[in-house]
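Take a look at the letters that make up each chain.
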Number of protein chains: 2
Amino acid sequence: MTPTGDLFHVYDTTLRDGAQQEGLTLSVADKLAVARHIDGLGVGFIEGGWPGANPRDTEFFRRARAELHLEHARLAAFGATRRAGLAAADDPLVAALRDSGAGVVTLVAKSHDRHVELALRTTLAENLAMVRDTVSHLRAEGQRVFLDAEHFFDGYRDNRDYALEVLRTAFEAGAEVAALCDTNGGMLPGWVGDVVHDVVETTGVRVGIHCHNDTGCAVANTLAAVDAGATHVQGTLNGYGERTGNADLVTVVANLELKLDRQVLPPGLLAEATRVAHAVAEVTNVPPASRQPYVGTSAFAHKAGLHASAIKVDPDLYQHMDPAGVGNDMRLLVSDMAGRASIELKGRELGFELGPELVQRVTGRVKELESRGWTFEAADASFELLLLEEVEGTRPSYVEVESWRVITETRVAADALSEATVKLRAGGARIVVTGEGNGPVNALDSALRQAISQLYPEIVKFELIDYKVRILDQGHGTDAITRVLIETTDGQGSWVTVGVGPNVIEASWHALIDGLTFGLRRHDA
Amino acid sequence: MTPTGDLFHVYDTTLRDGAQQEGLTLSVADKLAVARHIDGLGVGFIEGGWPGANPRDTEFFRRARAELHLEHARLAAFGATRRAGLAAADDPLVAALRDSGAGVVTLVAKSHDRHVELALRTTLAENLAMVRDTVSHLRAEGQRVFLDAEHFFDGYRDNRDYALEVLRTAFEAGAEVAALCDTNGGMLPGWVGDVVHDVVETTGVRVGIHCHNDTGCAVANTLAAVDAGATHVQGTLNGYGERTGNADLVTVVANLELKLDRQVLPPGLLAEATRVAHAVAEVTNVPPASRQPYVGTSAFAHKAGLHASAIKVDPDLYQHMDPAGVGNDMRLLVSDMAGRASIELKGRELGFELGPELVQRVTGRVKELESRGWTFEAADASFELLLLEEVEGTRPSYVEVESWRVITETRVAADALSEATVKLRAGGARIVVTGEGNGPVNALDSALRQAISQLYPEIVKFELIDYKVRILDQGHGTDAITRVLIETTDGQGSWVTVGVGPNVIEASWHALIDGLTFGLRRHDA
C-alpha cells in the first residue's frame, strides 16, 4: 500500500466504468493485464468490475485472487445496494460482493429522488433502508465500504435534503467515503465546487468525486471538487467511459502533482504515466488519442515554424512543463509548416549535421511527398531512409525487385486464402518465391522473408508488430488514397515505415520493403 | 452580421491555430470549404491564416475576396507586429495584413518579457513600440485590430507590469480587444479567472481568451475567463490545434448557451453544431472523436444494460440535455453489455416488434459475432439484415456467389493494378465477369456491379462513399483480424455495413455484398 493511499484516494475505474465505452470490450485476460499496468502507476484502488452481475467480472475476481499480485493498489468490487424488499444477507448479488475477495466494496446508491421513484421504482424510505442495510451487512462481514452516490449533483439540485440524507445514512452504517457522481455529466466546475463545499460543511462526511466529460470539463470538475475538500478522485485511464468518457485519471493526477503541488501517487511513479497509458491502449485496442494531455504523442510536439526556431533557443519557452515528468518526450514534427529549422534539428536528432543546401533539398522533398499523402511525423524510419538517400546520394537497398503479384481467392463457404509471388535479385542471384498468408500483405511479407532469409539470417528476428491502414480521402469509397504504417521490431527496438498509394497492397509493399531495409541497415551499422 | 457579434465575440481560429495540428494539412480549397461550414454555425469571426507569411494563406485571402460569401462571420487576418527597427508602413508583412481584404487584423504580440528578450531578441521598449506602431498604422489604414497577447499568463506571472503595459499600449493605439493567450497551455481555471479579473479591473480593456488543452482544461479555462469578464472567446472546431489542441469552440459555445444561458450565436444555429463539426472533419480528414462533448457520435449513446432499461422509462433520467439542441441524437448501441432491452428498442426503431424469444436469439447472435470482432454499433444496415434473417428465417439475397478471385500485381516502376474475377448466379443465369481497379476492393466492387447491373439497374445509383479499415488486434502485424466498414449511398440515403476476418479482402467482400443487398432491398420495399 502507498503511504498516501488513505489520506487521498486515487481510485481507478477503467475496468468498470471505463469498459462502458462504445467499442471497448475486455476479456478476463485483458482485465488482468490492464490491472497490472495501472498498478504500475501507483494508484490506491482499482475497481475491477461487478462480480455476480456478469460472468466475466465474476471470473475476473476469481482469477485475480490467484493471479493478480498488486504492488500498490487494492482491488475494489463494484455493486448495487440490496434489492427492495429483500434482506441484505439474502441478496445473492450482495453475497457476490462480500465474496469477491477484493476487500473493498464500492456500492452504488441512488441519491436522486426521481431516480429512486422512476428507475428503481421504490419509495424514498425503502431506498434509504437499502443503503443502511447493505452497508451495515458488508461492514459486519469485514468489508471496507465506499459509496458511489449516483446522479448526486442532479439529485442535490432537485431535492438537496434527500441527497444529503442518503450520504448520512451510508456513513451512519459505516461507509468511509461518498463519491459524488455527476452521472449524466452535465456539471460545470463552479457548480461542482459549490455543491462539494456544502456537502463537506453540512455533513462532515469524507467526499469523493466521479465526473464524466459531457461538458468537456471532467478534469476541471474533479479539480474543483478537490479544491472544495474532496479527498478521493475517480477516473479512468485515457478517459475511457460511456458517452464522452470519464475524467482522465492521468490528467487529474498530473495536474494535482505538477500544477497544484499535491503528492497523490508514490513519489516518482507519475513518470510512468505515458508508458502505462499507452500500454493500456494496446490492451484495449482503442487507438491512443495523440492530443491527449500529458501523455499524447502530440502533447509536446511542435509543428509551427515560428516555434521550432524559438525552441532552438530555449525549450522551456514553449512547453508548460518538462515532459520527462510524465515520461513523455518533446518531439519535433517533420512537416511543411515546420520549415527548415525543424528539418535541421531532426537531422541532428538522427546524427546528421545537414548543411543549408541539403536542408533545403530535404525540406522540398518532404513537402512534395506530404502533399501526396505521405507522412513522416509518424514514420521516423522512412524519414531516415529519405535523409540517407539525400546525404549518400543513393537509397540503401538490399534487394532489387523485379515484380510481385498477390492472388486472393475464395470458393463457396471456404475462407479466403492469399498467395504472393515475388521475383527479385539479391546477393547476385535471381530468386523467385511464393508465400501464403491469410491476407494479401501477410502473404507478401512471408514471400519476401523466404526470399532473403538465407542471405540475411538476422531477419528471422524481425517481426511486424503493428499494421495500420488509413484511407486518406474518405468520401471516395474504395477508390481512395491509402496510407499504411508498419511497425517492425527486432526484439530490441522498433521502427515505423510508411507507404502511400491508391492500391492498399502496393502501399503496404512500400512500407514492408522500407521496414526491412531500415532493419538490415541497423544490423549492418 | 449577427446582432450579438459585437457584444460577445465568438472567434474561430481553426484555419490558423487549428491547422498547426500534427497530421492536419489544408489546401486552399479545403480552407474555403471549412470557412463556409463554420459560417453555418454563426460565429462572429473566422481567422483565415497569415497572409504574406506563407503562399497558401496569401492565396486563401485572395480567393476569399472573390469566392467566399459569408453570411454571419467576418474574416480576420492573423499576423505579427512589425519587425524590430523597421517602420510599420515599410514592413511587407504588415502591408500583407492591410491588403488581405479581411477588414479585421489579429496581431500577435509578445507580452512575456523573457520571450521578447530570448525569442524576439529585442528590448522591452522596442517591443512596446512595435505594438504601438503596428496597431496605429493599421488603424490609420482603416482596419479593426484585435490583439493576441502571446504567452500572456506566463508573462503575467513573471512580470505583471510589463504584460499589462503591452495591453495598455495596444489599446491606446486603437486595438479593440486583447485576447489573453495561454500559449503553452499550462493554466488551470482558478488561475485564469484570477488573472482575467485583475486585467479587467486594472486596465479596463476589453478582454478575450485563447486557451490550449495541455492540462485538459481548455474549455473550463475559457469559461472561467468569461465568468471573470472576458467577452471574446477563441477556439477551433473539434479542438484542433498544436500539441493537445485548442479549446473546442463548439463545446465552449454549447456550455455558454445551454448551461449558462448566454446567447452567443444567432438563435437556432447551435443546432447546426453536430453537422458542422462532422462536415469540417470530412474536409480535414481527421477522424471525428466519438467521445467529443455534445457532437461526438457517442456523446449521447448508451451502452450499459442498467441504463438502457431505465431509458425506456424516461430519457431525461440519463442525459444531461436534449441532444437535439446541438443537432445530435440519442442512440442505443447494440452490444453485449446492452442486453435485451436495447435489442428490443433497436428493433422497434427499425420497425419490428420482437417477441421475447426472438430478442433472446438475436441477442445471442450479436454477442457471438461481436466476440469475433464484428460490430453493429456502427453498422445499422448489417444489423437490419441480421434481424431480417432471424425474423423471416432467411437472409435477403440477390445473388448466389460461386467464387471470386483478385490478383494484384506490379512490375518494376509501374503502378500496381488489381483485377477481380467474380463467378455468380443471379436471375437464373450464371455470370462470370472480370473487373479492374486501382486496388483489390475497388476491382471487386467493379466486377460485382458489372455482373448484376442489367438485372438490377438501380445499382447504377449506388456509390461507395466511405471505406474504413481497422486492424482489431494491433500488435499482431499483418496477421491480425481486420474490420471493414463500408458506407453506400443511393443519392437519397446512406447505410453502413460491416465485414470482419483475417483477410482484409474477404472482410471487404462481406461488407460490399451486404451493402448491395441492403440497398436492393430498400428499393424493393
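Residues numbered from 1 in each chain as written. Chains lettered and ligands numbered in written order. Predicted model: local features only at pLDDT ≥ 70, side-chain atom pairs only at ≥ 80, totals over all residues.

J.: When you look at the relation of the copies chain A and chain B in this model, what are you seeing that I'm missing?
T.: Superposing chain A onto chain B takes a rotation of 180° combined with a translation of 0.0 Å along the rotation axis, leaving an RMSD of 0.1 Å. Look at the turn and shift together and you get a two-fold axis relating the two. It is I407(A) whose C-alpha, among those of chain A, lies nearest the rotation axis, at 2.2 Å. Here 97% of the contact residues of chain A are again contact residues in chain B; the copies associate through an equivalent surface. (Least-squares fit on C-alpha atoms with pLDDT ≥ 70 in both. Contact = placed C-beta atoms within 7 Å.)

J.: What's the story with the interface of chain A and chain B in this structure? I'm lost.
T.: One frequently used descriptor of interface size is the decrease in accessible area upon assembly of the parts. Each partner contributes residues to the interface: chain A has 97 residues there, and chain B has 95 residues. Listed by contribution, the elements that provide at least two residues to the side of chain A that touches chain B are α4 (113-118), α9 (218-227), α10 (249-259), β9 (301-302), β11 (400-411), α16 (440-452), β14 (463-471) and α17 (504-524) of chain A. Here the side of chain A that touches chain B takes 11 residues from β11(A), the largest share from any one element. Taken together, the residues of the side of chain A that touches chain B break down into 39 nonpolar, 34 polar and 24 charged. (Helix = DSSP H or I, 4+ residues; strand = E, 2+ residues; numbered from the N terminus. Nonpolar A, V, L, I, M, F, W, Y, C, P; charged D, E, K, R; others polar.)

J.: Can you help me understand the UniProt feature "domain: Pyruvate carboxyltransferase" (unreviewed entry) in chain A in this one?
T.: Per the UniProt record, "domain: Pyruvate carboxyltransferase" (unreviewed entry) is found at residues 8-270 of chain A. In this annotation, residues 8-270 of chain A is assigned 42% helix and 16% strand; the end-to-end C-alpha distance for the span is 15 Å. (UniProt positions renumbered as here; feature names shortened; annotations may be inferred.)

J.: What exactly am I supposed to notice about the packing of α16(A) against α17(A) here?
T.: Packed helix pairs are specified by the crossing angle of their axes together with the interaxial distance, meaning the distance between the axes. Residues and elements named next belong to chain A. Taken N-terminus to C-terminus, the directions of α16 and α17 make an angle of 35°; their axes are 10 Å apart at the nearest point. Of the two elements, α16 crosses α17, and the hand of that crossing is right-handed. Across from P440, V441, L444, D445 and L448 in α16, the residues of α17 making contact are I505, S508, W509, L512 and L516. Split by residue class, the contact of α16 with α17 holds 8 nonpolar, 1 polar and 1 charged. (Axes fitted to C-alpha atoms, helices over the stretch in contact; angles between N-to-C directions. Left-handed = near helix turned anticlockwise from the far one by under 90°.)

J.: Explain the sheet that holds strand β13 (residues 429-437) of chain A to me, please; I cannot follow it from the model alone.
T.: To summarise the sheet geometry, strands pair through backbone hydrogen bonds and adopt either a parallel or an antiparallel arrangement. Across the sheet, which stays open at both edges, the 6 strands sit in the order β13(A)-β12(A)-β11(A)-β11(B)-β12(B)-β13(B) with antiparallel pairing between neighbours. At either margin of the open sheet sits one strand with a lone partner, and together these are β13 of chain A together with β13 (429-437) of chain B. Going across the sheet, the axis of each strand differs from the next one's by a mean of 10°, ignoring polarity. Of the strands in this sheet, β11, β12 (417-426) and β13 of chain A together with β11 (400-411) of chain B are in contact with α16(A), which crosses β12(A) at around 35°. (Pairing = 2+ DSSP bridges.)

J.: Please explain the sheet that holds strand β3 (residues 74-80) of chain B as it appears in this structure.
T.: Residues and elements named next belong to chain B. Within the closed barrel, the 8 strands sit side by side as β1-β2-β3-β4-β5-β6-β7-β8. Their pairing is parallel. This sheet shows a mean twist of 25° between the axes of neighbouring strands, independent of strand direction. The pairing of β3 with strand β4 (residues 104-110) spans 5 bridges and is parallel. Bridging across to β4, A80 finds its partner in V108. Helix-sheet contacts for helix α1 (residues 28-39) involve β1 (9-12) and β2 (45-49), and the interaxial angle to β2 is about 170°.

J.: Honestly, the environment of V166(A) in this entry has me stumped. Any pointers?
T.: Looking at the element boundaries, V166(A) is found in helix α7 (residues 160-172). If we skip the residues at most four places from it in the chain, V166(A) touches A109(A), S111(A), L128(A), V131(A) and A149(A).

J.: In this structure, what is going on with the environment of G239(B)? I would like to understand it.
T.: Residue and element names in this part refer to chain B. Of note, G239 is situated in the loop between β8 (232-235) and α10 (249-259). The exposure class assigned to G239 is buried, which follows from the 28 C-beta atoms found within 10 Å. For the pair G239 and T122, spaced 117 residues apart in the sequence, the C-alpha separation amounts to 33 Å. (Buried ≥ 20, exposed ≤ 12 C-beta atoms within 10 Å, placed from the backbone.)

J.: Can you walk me through the pairing of strand β15 (residues 482-489) of chain B in this structure?
T.: All names here are of chain B. Counted residue by residue, β15 has 7 buried out of 8 residues, so it is predominantly covered. Relative to strand β16 (residues 494-501), β15 is paired through 8 bridges, and the arrangement is antiparallel. Directly across from I486, in β16, lies its bridge partner T497.

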